[in-house]
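Structural features, examined
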Amino acid sequence: MKDHTLLTLARYSLALLWVFTGLTSIFFDYQTGYELLINFGFNEAITRALIYSGAILDIGLGLWILSNKKMKLCYVIQILIIASYTILLTIIEPSYWLHPFGPVSKNLPIIMLIFILHSISDDYSGRKAL
């Protein structure tokens, strides 16, 4: 497989992850996020706002990746957002680090994938998104 194809597949997998996470937060497992934030002490209005704004942010990042524009910036923002989510979730529910499905621990290899993509990205904004 050519390098360009591998990079495109890596980008698509990240885009799918972001979009699916955003959709899941709203449509498929709203209750988990809701209970997590309510149990931490947020009121209902703030909890709803956090869930919906996070979902919109996630979906937006996925769409940005698919646009293939300003990817270096996109990669940096992804790393910052994942780091922020990781810190917040560590504060809110540190036991998620030991969860068997790895909702927090899998952020480490995802950040590494994004870092690799950032480091080898030539950021040609004229290149067509696949």
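Read on for an overview of the structure. If you're wondering where the values come from, they're calculated on a predicted model, not measured in any experiment.

When helices and strands are counted, the protein chain shows five helices and zero strands. Counting only C-alpha atoms and orienting by the principal axes, one finds that the protein chain spans roughly 45 × 25 × 20 Å. Taking all 130 residues of the protein chain together, 29% fall into the buried category. Across the protein chain, contacts joining residues at least 24 apart in sequence account for 71% of those joining residues at least 6 apart. For the protein chain, the computed accessible surface area is about 8,200 Å², with 72% contributed by carbon and sulfur atoms.

To continue, consider the pattern of salt bridges. Counted by the stated rule, this structure contains one salt bridge. Its salt-bridge partner being Arg-48, residue Glu-44 comes within 2.3 Å of it at the nearest N-O pair. Here Glu-44 and its partner Arg-48 are both found in helix α3 (residues 44-67), four residues apart, which amounts to about one turn of the helix. Classification of Arg-48 by relative accessible area gives partly exposed; the value is 38%.

Before going further, it helps to spend a moment on the packing of helix α4 (residues 71-92) against helix α5 (residues 107-120). Put simply, α4 and α5 touch, their axes get as near as 9 Å, and they point 165° apart. As the angle between them shows, α4 and α5 are arranged roughly antiparallel. Seen from above, α4 lies across α5 with left-handed handedness. Of α5, the residues touching α4 (which contributes Lys-72, Tyr-75, Val-76, Gln-78, Ile-79, Ile-82, Ala-83 and Thr-86) are Asn-107, Ile-110, Ile-111, Ile-114, Phe-115, Leu-117, His-118 and Ser-119.

What follows is about α3. In this model, α3 (24 residues) spans 35 Å end to end at C-alpha, consistent with the 34 Å of a helix rising 1.5 Å per residue. Those residues of α3 that sit buried are Thr-47, Ile-51, Gly-54, Ala-55, Asp-58, Leu-61, Gly-62 and Ile-65. Against α1 (3-28), α2 (30-40) and α4 lie the buried residues of α3. Among the residues of α3, the N-terminal cap falls to Asn-43, whose side-chain oxygen and the backbone nitrogen of Ala-45 are separated by 3.1 Å. One or two residues past the end of α3 sits Asn-68, with phi positive at roughly 60°.

A few words on the packing of α3 against α4. In the contact formed by α3 and α4, the axes pass within 10 Å of each other and the chain directions differ by 150°. Taken together, the axis directions place α3 and α4 in an arrangement best described as roughly antiparallel. Crossing of α3 over α4 shows left-handed handedness. Taking contact as the criterion, the partners of Gly-54, Leu-57, Asp-58, Leu-61, Trp-64 and Ile-65 in α3 are, on α4, Met-71, Leu-73, Cys-74, Ile-77, Gln-78, Ile-81 and Tyr-85. Residues that form the contact of α3 with α4 fall into these classes: ten nonpolar, two polar and one charged.

Even without being a glycine, Asn-68 presents a positive backbone phi close to 60°. Mapped onto the elements of the fold, Asn-68 is located in the loop between α3 and α4. What makes Asn-68 buried here is its relative accessible area of 9%. The backbone phi angle of Lys-70 is positive, close to 50°, even though this residue is not glycine. With respect to the helices, strands and loops of the structure, Lys-70 is situated in the loop between α3 and α4.

Rules used throughout
- Residues numbered from 1 in each chain as written.
- Predicted model: local features only at pLDDT ≥ 70, side-chain atom pairs only at ≥ 80, totals over all residues.
- Heavy atoms only, no water.
- Helix = DSSP H or I, 4+ residues; strand = E, 2+ residues; numbered from the N terminus.
- Buried < 20%, exposed > 50% of the residue type's maximum accessible area, 1.4 Å probe, protein only.
- Contact = heavy atoms within 4.5 Å.
- Areas by Shrake-Rupley, 256 points an atom, 1.4 Å probe, with all protein chains shown as cover.
- Salt bridge = Lys/Arg side-chain N within 4 Å of Asp/Glu carboxyl O.
- Axes fitted to C-alpha atoms, helices over the stretch in contact; angles between N-to-C directions.
- Parallel < 35°, antiparallel > 145°, perpendicular 65-115°, else oblique.
- Left-handed = near helix turned anticlockwise from the far one by under 90°.
- Expected span 1.5 Å × (residues − 1).
- Polar contact = N/O pair within 3.5 Å; in protein donor to acceptor, adjacent residues only side chain to side chain.
- Nonpolar A, V, L, I, M, F, W, Y, C, P; charged D, E, K, R; others polar.

As far as function goes, none of this settles anything; it's purely spatial.
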